[in-house]
4 protein chains.
Amino acid sequence: MGNTFGKKLKIMTFGESHGKALGAVIDGVKSNIKISEKDIQKELDKRKPGQSTVTTQRKEQDKVHILSGIFKGRTTGHPICLVVYNKDADSRIYERWKDVFRPGHADFTYLKRYGIHDYRGGGRASGRETVARVAAGAIAKKLTKAKIFAYTIQVGTIKAKKRDLKEIEKNPLRCPDKEAAKRMQREILKIKKQGDSIGGIVEVTIKNCPPGLGNPVFDKLNADLAKAVLSIGAVKGIEFGSGFKAVEMKGSQHNDQLYKKGKIRTRTNNAGGIVAGISNGEDIIFRAAIKPPSSIAKEQLTIDKKGKKVKIKVSGRHDPCLCPRIAPVIEHMTALVLAGAQ
Amino acid sequence: MGNTFGKKLKIMTFGESHGKALGAVIDGVKSNIKISEKDIQKELDKRKPGQSTVTTQRKEQDKVHILSGIFKGRTTGHPICLVVYNKDADSRIYERWKDVFRPGHADFTYLKRYGIHDYRGGGRASGRETVARVAAGAIAKKLTKAKIFAYTIQVGTIKAKKRDLKEIEKNPLRCPDKEAAKRMQREILKIKKQGDSIGGIVEVTIKNCPPGLGNPVFDKLNADLAKAVLSIGAVKGIEFGSGFKAVEMKGSQHNDQLYKKGKIRTRTNNAGGIVAGISNGEDIIFRAAIKPPSSIAKEQLTIDKKGKKVKIKVSGRHDPCLCPRIAPVIEHMTALVLAGAQ
Amino acid sequence: MGNTFGKKLKIMTFGESHGKALGAVIDGVKSNIKISEKDIQKELDKRKPGQSTVTTQRKEQDKVHILSGIFKGRTTGHPICLVVYNKDADSRIYERWKDVFRPGHADFTYLKRYGIHDYRGGGRASGRETVARVAAGAIAKKLTKAKIFAYTIQVGTIKAKKRDLKEIEKNPLRCPDKEAAKRMQREILKIKKQGDSIGGIVEVTIKNCPPGLGNPVFDKLNADLAKAVLSIGAVKGIEFGSGFKAVEMKGSQHNDQLYKKGKIRTRTNNAGGIVAGISNGEDIIFRAAIKPPSSIAKEQLTIDKKGKKVKIKVSGRHDPCLCPRIAPVIEHMTALVLAGAQ
Amino acid sequence: MGNTFGKKLKIMTFGESHGKALGAVIDGVKSNIKISEKDIQKELDKRKPGQSTVTTQRKEQDKVHILSGIFKGRTTGHPICLVVYNKDADSRIYERWKDVFRPGHADFTYLKRYGIHDYRGGGRASGRETVARVAAGAIAKKLTKAKIFAYTIQVGTIKAKKRDLKEIEKNPLRCPDKEAAKRMQREILKIKKQGDSIGGIVEVTIKNCPPGLGNPVFDKLNADLAKAVLSIGAVKGIEFGSGFKAVEMKGSQHNDQLYKKGKIRTRTNNAGGIVAGISNGEDIIFRAAIKPPSSIAKEQLTIDKKGKKVKIKVSGRHDPCLCPRIAPVIEHMTALVLAGAQ
């Protein structure tokens with residue numbers, strides 16, 4: 001269980017890292033929307049491996065195929081099945097570690113949960129699973145008028161000072177601060193050389209979100225976004241608007257003062273665009289904490305299935321920092337939430 | 001919509017702050033469990049107003065009534081309806097502000113969403129809605145073997161240094177550090193005198209959670225907990241284990257090394273007890289950022305429905321800091337997630 | 001589980017025959033609809049006991065209370081909780097039979113499922129559970145423009161020859177054929193005197209249902225109606241349009257020929273108003289087979305929990321034929337399906 | 001919407017008659033079950049076209065591919081994606097009738113619902129959609145101990161007199177009465193020659209279903225089965241146990257008397273194995289009314305999208321009677337319900 005997401009717009013995803021294919025079925029897409037494989041491919045290319053020096057050097061084309069739901073270039077209202085066939089998965093390295101619990105990985109918990117684990121490339125727990133999220137999210141983006149920007153604002157201790165959203169797709173970090181991006185890149189390459197990895201923060205700004213989206217009580221828009229983002233492996237936390245800074249603030253500082261200038265606005269945005277679970281028309285803003293990738297080339301101590309101590313070096317081609325490639329995943333999960341919000 | 005929570009254990013809640021009653025219907029409770037109104041009342045008393053000098057001085061008994069699902073003191077497997085009738089709600093103050101959008105409150109967004117708003121006491125958006133969560137959660141606690149502790153670790157800039165869990169129910173702050181609790185109390189009373197309010201952090205520790213709980217991909221245990229906690233008004237963020245600190249960490253530091261001593265353990269707990277969405281048997285640990293309450297006695301500038309500028313002082317009896325009363329709410333939402341996890 | 005119904009319009013019901021109360025919480029009702037307790041009471045009165053000589057002689061007022069979701073006489077978009085408190089339940093007779101499996105009743109299967117059974121008045125399995133369905137359905141009726149008529153067309157071997165829908169509420173049988181109604185009434189009284197009971201057929205005609213309602217594949221409008229109606233105890237079967245008569249028909253006879261006269265119509269209505277799961281604008285017509293009530297005054301042979309043979313006479317005040325009181329239940333379940341259809 | 005089925009065992013299906021592929025994703029399958037493409041293919045072969053003289057003469061191999069969820073021949077607990085690629089679909093005939101509303105078909109209602117319709121082979125409304133149901137159901141059969149038999153008991157006016165379940169797979173009618181099967185076959189061939197089609201009844205017997213399966217109130221086992229079966233195109237009605245015959249019965253006849261002989265049994269089975277929504281351990285028995293196929297070679301009068309009168313002869317290779325091929329579909333939908341029941 002756990003492979004279905006959304007209510008009004010519903011997706012079910014499938015596939016393992018080294019299986020035959022990954023994909024998603026999307027139901028609830030309204031009819032008569034123009035959608036092509038090209039539209040989806042464009043988004044998948046943002047998360048594909050091998051984009052730059054700061055991502056894994058694996059080469060996978062991640063070509064998407066639409067199997068259903070489109071007729072003469074338009075949605076029919078029926079479920080859209082998207083499939084990405086796996087091509088050159090090399091499972092040999094995983095055969096070697098198949099009885100070892102890699103630190104920070106799903107090996108132990110999946111085995112505990114299911115009594116069987118497809119260890120090849122992490123199986124269903126692989127970051128590769130997010131291919132299906134981006135593919136489905138590419139369709140969700142067609143269904144919402146909001147503009148979603150997800151970008152790196154911190155890598156290790158290096159922080160972006162600016163929010164130049166036009167800069168995001170111009171540097172390999174997806175960072176809205178050109179200068180910070182360069183320093184982040186240098187930092188990542190340094191850490192990669194050490195056989196290590198590093199964490200970071202991805203921020204999201206949603207523009208043009210109409211007021212009135214979301215629900216009271218349990219299905220608050222922020223609660224749904226939190227679930228969507230925390231469901232992505234490697235995300236350790238989320239905060240909206242003022243976030244953890246609100247802890248040290250007083251009510252008189254934190255309350256966003258309302259005013260009217262044409263439409264109703266607030267002077268500050270500590271709320272992060274969502275009040276009582278419902279969008280208020282301001283930019284929706286949240287930040288996700290990303291942990292350093294678990295797969296590192298440094299030697300680590302762990303155990304195997306029998307409890308025997310083992311030293312492991314997870315060689316292979318892994319991301320030294322997830323921010324550049326996880327940002328598009330967060331962006332597309334956000335799109336799925338917005339497109340399904342009512 | 002948005003008033004249903006959970007799958008395997010499902011609740012639907014209802015009720016407004018100044019309506020006739022608040023309550024919950026709970027379905028999926030297994031049969032033959034001993035449950036009495038006393039069990040539930042005990043938990044409700046933890047969140048009721050007027051407990052101490054640091055909470056609102058309103059006096060509501062919040063007495064729970066079981067309307068169904070219990071026969072001869074035991075659950076029958078059929079839905080349990082819990083109702084708390086509202087007693088002495090005084091709506092007069094709200095009549096005065098009925099056309100004003102109070103800053104930080106649901107007035108504007110609810111009106112935008114529904115075109116009608118029960119402004120008395122905040123209606124459905126009131127913190128009073130959480131009565132139903134605690135009542136339902138009290139039943140959930142009977143269904144899980146895990147022990148859940150929710151407690152205040154920060155108020156404004158004052159932080160708890162200790163985690164003495166036995167201390168929690170002994171001070172009005174629900175703080176596991178006796179000394180810090182005293183300072184927090186002084187700070188809150190000072191801020192209250194200023195007609196202002198203050199934020200804080202509530203931390204949760206779950207003990208005795210068996211490994212193997214939770215799901216892969218979308219219904220990760222941490223994703224479900226995040227949704228549960230972010231669905232509580234006033235929560236601005238959540239982080240698991242290392243949380244936002246993971247951002248500056250390297251993989252070699254962050255990875256929790258596995259070892260076996262009787263059962264399989266990890267030497268550190270940066271994961272916060274959940275790996276790849278599934279519990280690993282370590283303590284589950286997360287923290288929630290709580291904003292300062294929006295209802296303050298200080299004068300604030302805002303507008304009314306017509307867009308006219310208005311000065312407002314939200315007098316009345318409000319909590320100056322939410323931590324002591326929101327901790328039990330977070331605890332019971334956590335219980336609902338755990339009892340429904342598979 | 002199993003106490004939730006609907007998706008877009010969602011209800012959760014609760015309560016036992018001899019417990020404190022029965023009721024429903026309804027979520028998904030759009031805001032600003034005028035609803036009063038009187039509106040709901042009017043519908044509840046159609047199913048209440050003691051209406052006529054052909055129904056049970058018990059006297060219960062089944063007075064409904066709205067606990068939430070209505071403000072100044074209008075819906076707020078928040079959940080509506082409806083409660084009917086039980087008044088004069090007399091459980092003494094049930095204490096006598098508490099260890100006996102009454103034939104045709106839930107005693108055995110509920111005990112098998114849950115290991116505990118509230119035997120008083122049948123507990124959750126009582127027909128009294130349908131109070132909650134009618135109360136919730138009364139709200140659903142406010143949300144759909146379709147007009148739903150549910151009426152008795154057969155009792156034992158006596159069949160209605162006419163479909164005079166204005167006649168339905170004029171006779172105790174809810175039969176659209178005045179003459180047949182009289183004969184049905186005589187038949188029921190005769191069978192009642194024998195201490196026995198009799199089956200019947202309830203037919204539903206839905207007028208003014210717009211074309212385009214329902215879904216393809218699994219959530220076909222007829223599939224959803226079938227589930228709704230078969231979920232009512234005592235319903236043994238359902239058929240749409242031509243129904244079981246279609247078995248002996250040829251395609252050339254069965255196909256409804258389309259034509260256009262203003263709007264698009266069909267000359268015949270073998271489809272019963274639904275084609276490929278979606279309404280076509282013709283009257284939706286279906287029939288439900290109702291079994292004879294299981295509670296009869298005649299002596300029956302059965303066993304108790306220990307397997308010992310027992311002779312039982314279920315004295316008390318029971319319906320000799322369910323049609324007059326089940327018709328409103330079917331009508332309101334139909335309303336719940338239509339109001340939730342998209 | 002409408003393409004998801006089940007709760008504990010959940011499937012989402014996709015695909016159009018003449019699109020690239022049809023398939024299903026199945027979530028909730030427990031781990032460590034042996035499943036191969038061969039297991040599924042065996043079931044698909046029962047519904048494939050071209051099996052005999054009484055089914056359509058189209059030749060499609062309907063070869064299934066497992067894309068995910070199986071590792072080393074066993075289920076992993078992760079979603080299983082099953083795909084059947086369409087091979088030799090010939091859409092030319094459909095181009096000719098693309099603007100015509102074929103009587104008894106989805107053309108009009110789908111267009112009304114979605115404003116666009118993939119008319120090729122009926123698109124999503126095609127009976128070919130059931131490929132996905134059978135494929136998913138083949139997996140469900142692995143998860144239930146119950147034995148499900150679905151078979152033809154009536155074609156037009158010809159009825160089976162026997163229930164020799166071993167006979168079912170031995171004749172092209174899937175009829176448990178060898179002699180009746182021969183007469184049914186002759187009848188179908190005669191009607192086919194006339195360019196016409198004929199209806200029938202499929203009965204289901206479920207053996208070895210443990211008592212205690214199903215839920216009270218809305219998710220009664222019979223209600224879920226009714227929805228499952230009515231969701232199959234061409235099904236006009238369903239009845240359980242005594243079914244529509246119960247209408248003319250008295251309670252004293254209809255009540256099934258309980259007795260104990262080793263386990264608790266009933267002497268008759270008017271209940272059809274389900275009491276108060278929960279299985280009682282007796283055989284579960286129900287019957288489905290199947291309408292005559294809408295695609296007939298006889299000339300019919302209808303209209304096109306503009307409302308203009310059109311004469312149409314739906315030539316091509318169609319089933320003259322659906323019973324032999326719909327029986328396996330009903331069988332597999334039944335398996336999905338049982339495997340998901342709790």
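This is a predicted model, so every value here is computed, not measured. (Residues numbered from 1 in each chain as written. Chains lettered and ligands numbered in written order. Predicted model: local features only at pLDDT ≥ 70, side-chain atom pairs only at ≥ 80, totals over all residues. Heavy atoms only, no water.)

A. Examining the overall build of chain A more closely. Summing up its helical and strand segments, chain A has 8 helices and 18 strands in all. A compact globule built from 342 residues would reach a C-alpha radius of gyration of about 20 Å, and chain A, at 21 Å, matches this within 12%. Overall, the C-alpha framework of chain A stretches about 65 × 50 × 40 Å when taken along its three principal axes. A burial count over chain A gives 68% of its 342 residues as buried. (Helix = DSSP H or I, 4+ residues; strand = E, 2+ residues; numbered from the N terminus. Rg over C-alpha atoms; globule rule 2.2 N^0.38 Å. Buried < 20%, exposed > 50% of the residue type's maximum accessible area, 1.4 Å probe, protein only.)

B. Here's a closer look at the interface of chain A and chain B. Every contact between the two is made by 100 residues of chain A and, on the other side, 100 residues of chain B. Here chain A and chain B share 4 salt bridges between them. Two residues, Asp219 of chain A and Lys227 of chain B, come together in a salt bridge whose shortest N-O distance is 2.8 Å. Where chain A touches chain B, the interface holds 39 residue pairs in polar contact (both at pLDDT 80 or more). Residue composition of the side of chain A that touches chain B, by class: 43 nonpolar, 36 polar and 21 charged. Of the strand pairs in this sheet, strand β11 (residues 235-240) of chain A and strand β11 (residues 235-240) of chain B are connected by 3 bridges, and their pairing is antiparallel. Looking at β11 of chain B, one finds that Gly237 of chain A is bridged to Glu239 of chain B. (Contact = heavy atoms within 4.5 Å. Salt bridge = Lys/Arg side-chain N within 4 Å of Asp/Glu carboxyl O. Polar contact = N/O pair within 3.5 Å; in protein donor to acceptor, adjacent residues only side chain to side chain. Nonpolar A, V, L, I, M, F, W, Y, C, P; charged D, E, K, R; others polar. Pairing = 2+ DSSP bridges.)

C. Up close: the packing of helix α1 (residues 37-47) of chain B against helix α8 (residues 323-340) of chain B. All names here are of chain B. At a minimum axis distance of 7 Å, the contact between α1 and α8 shows a crossing angle of 140°. Looking at the two axes, α1 sits oblique to α8. Between α1 and α8, the contacting residues are Glu43, Lys46 and Arg47 on the first element and Arg325, Pro328, Val329, Glu331 and His332 on the second. Grouping the constituent residues of the contact of α1 with α8 by class yields 2 nonpolar, 1 polar and 5 charged. (Axes fitted to C-alpha atoms, helices over the stretch in contact; angles between N-to-C directions. Parallel < 35°, antiparallel > 145°, perpendicular 65-115°, else oblique.)

D. Representation of the state of the cysteines in the model. Applying the stated criterion across every chain yields a total of 0 disulfides over all chains. Sulfur of Cys81 of chain A: no disulfide; nearest cysteine sulfur belongs to Cys81 of chain D and is 5.5 Å away. Assessed through its relative accessible area of 0%, Cys81 of chain A is described here as buried. (Disulfide = S-S within 2.5 Å.)

E. How the structure looks around the sheet that holds strand β1 (residues 4-5) of chain B. Residues and elements named next belong to chain B. What the 5 strands build is an open sheet, ordered β1-β2-β3-β7-β4; its pairing is antiparallel. Bordering the open sheet on either side are β1 and β4 (64-66), each of which pairs with just one other strand. Of the pairings in the sheet, the one linking β4 to strand β7 (residues 80-85) comprises 3 bridges and is antiparallel in character. Paired with Ile66 across the two strands is Leu82, which belongs to β7.

F. Representation of the relation of the copies chain A and chain B in the model. Overlaying chain A on chain B yields an RMSD of 0.0 Å, the required transformation being a rotation through 180° with an accompanying axial translation of 0.0 Å. Considering both components of the superposition, the chain copies are consistent with a two-fold axis. The C-alpha atom lying nearest the rotation axis in chain A is that of Lys227 of chain A; the distance is 2.5 Å. Of all interface residues in chain A, 100% are interface residues in chain B too; the two copies therefore contact each other through one and the same surface. (Least-squares fit on C-alpha atoms with pLDDT ≥ 70 in both.)

G. Geometry of the sheet that holds strand β7 (residues 80-85) of chain A. Residues and elements named next belong to chain A. Taking strand neighbours across the sheet as the criterion, the 5 strands line up as β1-β2-β3-β7-β4 in an open arrangement whose pairing is antiparallel. Looking along the sheet, the strands with just one partner apiece sit at the ends: β1 (4-5) and β4 (64-66). Sheet analysis places β1 next to strand β2 (residues 10-15), joined by 2 bridges and oriented antiparallel. Directly across from Phe5, in β2, lies its bridge partner Ile11.

H. Structural detail: the environment of Lys227 of chain C. Locating Lys227 of chain C in the fold gives a position in helix α6 (residues 221-230). The buried category is assigned to Lys227 of chain C, whose relative accessible area is 12%. Residues Lys227 of chain C and Ile238 of chain C lie 11 residues apart in sequence; the distance between their C-alpha atoms is 9.6 Å. Discounting chain neighbours no more than four positions away, the residues touching Lys227 of chain C are Phe218, Asp219, Ala223, Asp224 and Lys227 of chain D.

I. Up close: the pairing of β7 of chain B. All names here are of chain B. Here β7 lies mainly inside the structure; 5 of its 6 residues are buried. By the bridge criterion, 6 bridges tie strand β3 (residues 21-27) to β7 in an arrangement that is antiparallel. Bridging across to β7, Gly23 finds its partner in Val83.

J. Molecular detail of the packing of aromatic side chains. Scanning all chains against the criterion turns up 22 aromatic pairs over all chains. On the numbers, 5.4 Å between centres and 70° between planes, the contact of Phe101 of chain A with Phe108 of chain A is edge-to-face. Judged on exposure class, the residue Phe101 of chain A and its partner Phe108 of chain A are both buried. With a centroid separation of 5.4 Å and an interplanar angle of 45°, the aromatic rings of Phe240 of chain B and Phe286 of chain B are classed as tilted. Placement of the pair is Phe240 of chain B in strand β11 and Phe286 of chain B in strand β16 (residues 284-290), with a sequence separation of 46 residues. The ring of Tyr259 of chain C has Arg267 of chain C lying over it, and the distance from NZ or CZ to the ring centre is 4.2 Å. (Phe/Tyr/Trp six-rings, centres within 6.5 Å; stacked < 30°, edge-to-face > 60°. Lys NZ or Arg CZ within 6 Å of the ring centre and 35° of its normal.)

K. Molecular detail of the pattern of salt bridges. Taken as a whole, this structure holds 109 salt bridges over all chains when the rule is applied. When the shortest N-O distance is used, the salt bridge between Arg265 of chain D and Glu282 of chain D registers 2.6 Å. Of this pair, Arg265 of chain D sits in strand β13 (residues 263-266) while Glu282 of chain D sits in the loop between β15 (278-279) and β16 (284-290); the two residues are 17 residues apart in sequence, bridging distant segments of the chain. Of the residues examined, Arg265 of chain D reaches a relative accessible area of 29% and is grouped as partly exposed. A relative accessible area of 6% places Glu282 of chain D in the buried class. When salt bridges with common partners are traced through the structure, they connect Lys7, Asp219 and Asp224 of chain A together with Lys227 of chain B into a single cluster.

L. Structural detail: the relation of the copies chain B and chain C. Rotating chain B by 180° and translating it 0.0 Å along the rotation axis places it on chain C, where the RMSD comes to 0.0 Å. Taken as a fraction of all interface residues of chain B, those also at the interface in chain C reach 100%, which identifies the copy contact as same-surface.

M. Layout of the environment of Asn171 of chain A. Residue and element names in this part refer to chain A. Residue position: Asn171 is located in the loop between β9 (158-159) and α5 (178-193). Accessibility expressed as a relative area gives 11% for Asn171, which makes it buried. The sequence separation of Asn171 and Lys98 amounts to 73 residues, and the corresponding C-alpha distance is 37 Å. Here Cys175 takes part through its backbone oxygen, which lies 2.8 Å from a polar atom of the side chain of Asn171.

N. Just the side chain of Asp107 of chain C, in detail. All names here are of chain C. The residue Asp107 is located in helix α3 (residues 107-114) in this model. Among the residues examined, Asp107 registers a relative accessible area of 6% and is labelled buried. At 2.9 Å, the side chain of Asp107 and the side chain of Arg102 are in polar contact. Those residues in contact with Asp107 that sit more than four places away from it in its chain are Val100, Phe101, Arg102 and His117.

O. The arrangement of the interface of chain B and chain C in detail. At the interface, 46 residues of chain B touch 46 residues of chain C. Across the interface of chain B and chain C, roughly 3700 Å² is buried in total on both sides, 63% from carbon and sulfur atoms. Sorting the residues of chain B by area buried against chain C places Met1, Met12 and Phe71 of chain B first, and these three jointly supply 19% of that buried surface. The interface formed by chain B and chain C holds 2 salt bridges in total. Among the salt bridges present, the one from Lys20 of chain B reaches Glu37 of chain C, with a minimum N-O distance of 3.6 Å. Among the secondary structure elements, those contributing two or more residues to the side of chain B that touches chain C are β2 (10-15), β3, β6 (74-75), β7 and α3 (107-114) of chain B. Across the side of chain B that touches chain C, the residue classes break down as 18 nonpolar, 16 polar and 12 charged. (Buried area = accessible area lost by both parts, 1.4 Å probe.)

P. Region of the structure containing helix α4 (residues 130-143) of chain B. Residue and element names in this part refer to chain B. Taking 1.5 Å of rise per residue, the 14 residues of α4 would be expected to cover 20 Å, and the 20 Å separating its terminal C-alpha atoms lies within 8% of that figure. The buried fraction of α4 is high, at 11 of 14 residues. Looking at the buried residues of α4, the elements they touch are β2, β3, α1, β7, α6 (221-230) and α8. (Expected span 1.5 Å × (residues − 1).)

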